[in-house]
Amino acid sequence: MFLWESIAFGPIQSRRFGKSLGINLLPTSQKICSFNCVYCECGWTKCAEIDRDYYCTPTIILEAIETKLLSCSEQKIEIDSITFSGNGEPTLHPDFAKIIDGIIDLRNTYYPDSIITCLSNATQLHRKDVFDALQKIENPVLKLDAGSEKMFKLIDTPQDESSLKEIISNLKSFPKKFTLQTLLLKGKGDGIEVNNCEGDELELLISHIKDINPTHVMLYSLDRETPAKNLIKLDLLTLENIANRIRIFGIDVSVY
């Protein structure tokens, strides 16, 4: 599977965010995540949390990002989005809020027209520092992959005490405009059947999206190799049909 080997990488051409400068707040040697998703391009989660000492400090992280932004600026390289992604869940960094403040300052200095994006699985929204920090950026992108607790555990496989009910509650209470990202798939992942795109599971998922009422929804399917085998990528027509069922509630939906 795939791991980023630096704090700042790219810019790369993203199918969702244009010219995206990636930010990895997590170790370069392993994935750190509160989920163990069957489809994750970073592979299986072997560690859900680590001691603070194993994270790079905000100073090191911000210096690396400033060096990258300065280099890109001098070369007149376009950046549409400064995007927190990387080797797992970025909001697990214990100094996430401080790093957000620092990156906002750097963005304003070097690329004032760029947006800041954070891809998050929403498991840390119960933390006030994370909840507040995500409201400071232009593009928080928060995850919801399942309609039922059972499917949530099969697809996302939480490594902490996160529940679908808690995540949905926190998403409903998020006061800022945000994007909800949902990966749709089916198949037998290493012998375990998963399917969030048909039947009752899809009905529940659409119902949750309606209740959450995000500003925007991103629907997508598999794009890279997955750790679980025998998963099926949905075709564009199927994704569009599901998107249309969400659009009837007045919610903007993009399909990838």
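Our structure's up above, just so we're on the same page.
Just so it is clear, the structure is predicted and the values come from calculations on it, not from any experiment.

Calculation criteria
- Residues numbered from 1 in each chain as written.
- Predicted model: local features only at pLDDT ≥ 70, side-chain atom pairs only at ≥ 80, totals over all residues.
- Heavy atoms only, no water.
- Helix = DSSP H or I, 4+ residues; strand = E, 2+ residues; numbered from the N terminus.
- Rg over C-alpha atoms; globule rule 2.2 N^0.38 Å.
- Buried < 20%, exposed > 50% of the residue type's maximum accessible area, 1.4 Å probe, protein only.
- Contact = heavy atoms within 4.5 Å.
- Areas by Shrake-Rupley, 256 points an atom, 1.4 Å probe, with all protein chains shown as cover.
- Lys, Arg positive; Asp, Glu negative; His and termini not counted.
- Charge placed at Lys NZ, Arg CZ, Asp CG, Glu CD.
- Expected span 1.5 Å × (residues − 1).
- Arc of directions from axis to C-beta.
- Polar contact = N/O pair within 3.5 Å; in protein donor to acceptor, adjacent residues only side chain to side chain.
- Phe/Tyr/Trp six-rings, centres within 6.5 Å; stacked < 30°, edge-to-face > 60°.
- Lys NZ or Arg CZ within 6 Å of the ring centre and 35° of its normal.

J.: I'm lost on the overall build of the chain in this one. Help?
T.: In terms of regular secondary structure, the chain is built from 7 helices and 11 strands. Taken against the 2.2 N^0.38 rule, which gives 18 Å for 256 residues, the C-alpha radius of gyration of the chain at 18 Å falls within 12% of a compact globule. Structurally, the chain occupies a C-alpha span of about 50 × 40 × 30 Å along its principal axes. The buried share among the 256 residues of the chain stands at 55%. Nonlocal contacts in the chain, meaning residues at least 24 apart in sequence, comprise 73% of its contacts between residues at least 6 apart. As displayed, the chain offers around 11800 Å² of accessible surface, 49% of which is attributable to carbon and sulfur atoms. In the chain, 28 positive and 36 negative side-chain charges are present, and the distance between their average locations comes to 3 Å.

J.: Sorry if this is basic, but what is going on with helix H6 (residues 199–212) here?
T.: Each α-helix turn comprises 3.6 residues. Residues three or four places apart therefore point the same way. Over its 14 residues, H6 extends 20 Å from the first C-alpha to the last, a length consistent with the 20 Å expected when each residue adds 1.5 Å. Inspection of H6 places Glu201, Leu202, Leu205, Ile206, His208, Ile209 and Ile212 among the buried residues, and these make up the whole buried set. The buried residues of H6 all sit within an arc of 155 degrees when viewed along its axis, so they share a single face.

J.: Hey, could you run me through the side chain of Asp145 in this one?
T.: With respect to the helices, strands and loops of the structure, Asp145 is situated in the loop between strand S5 (139–143) and helix H4 (149–155). The buried category is assigned to Asp145, whose relative accessible area is 1%. Side-chain polar atoms of Asp145 contact the backbone nitrogen of Leu183, separated by 3.0 Å. In this structure Asp145 touches Tyr39, Ile155, Asp156, Gln181, Thr182, Leu183, Asn196 and Leu205, once residues within four positions along its chain are discounted.

J.: I'm lost on the packing of aromatic side chains in this one. Help?
T.: Working definition: an aromatic ring pair is given by the centre-to-centre distance plus the angle between the planes. Evaluation of the coordinates by the stated rule reveals 4 aromatic pairs. Aromatic pair Phe131 and Phe174: ring centres 5.3 Å apart, planes at 70 degrees, arrangement edge-to-face. Taken together, the residues span a long stretch of sequence, with Phe131 in helix H3 (residues 128–134) and Phe174 in the loop between helix H5 (164–173) and strand S6 (179–183) at a distance of 43 residues. Here Phe131 and Phe174 have matching classes, each one buried. Here the aromatic rings of Phe174 and Phe178 are separated by 5.5 Å at their centres, their planes lie at 80 degrees, and the arrangement is edge-to-face. Judged by its relative accessible area of 6%, Phe174 falls in the buried class. The exposure class assigned to Phe178 is buried, which follows from its relative accessible area of 5%. Pairwise contacts between aromatic rings join Phe131, Phe174 and Phe178 into one cluster. In this structure, Arg16 is placed above the aromatic ring of Tyr220, and the distance from its NZ or CZ to the ring centre is 4.7 Å.

J.: Would you mind showing me how to read the environment of Ile155 here?
T.: Within the secondary structure layout, Ile155 lies in helix H4. Sequence separation of Ile155 and Gly199 is 44 residues, and the distance between their C-alpha atoms is 16 Å.

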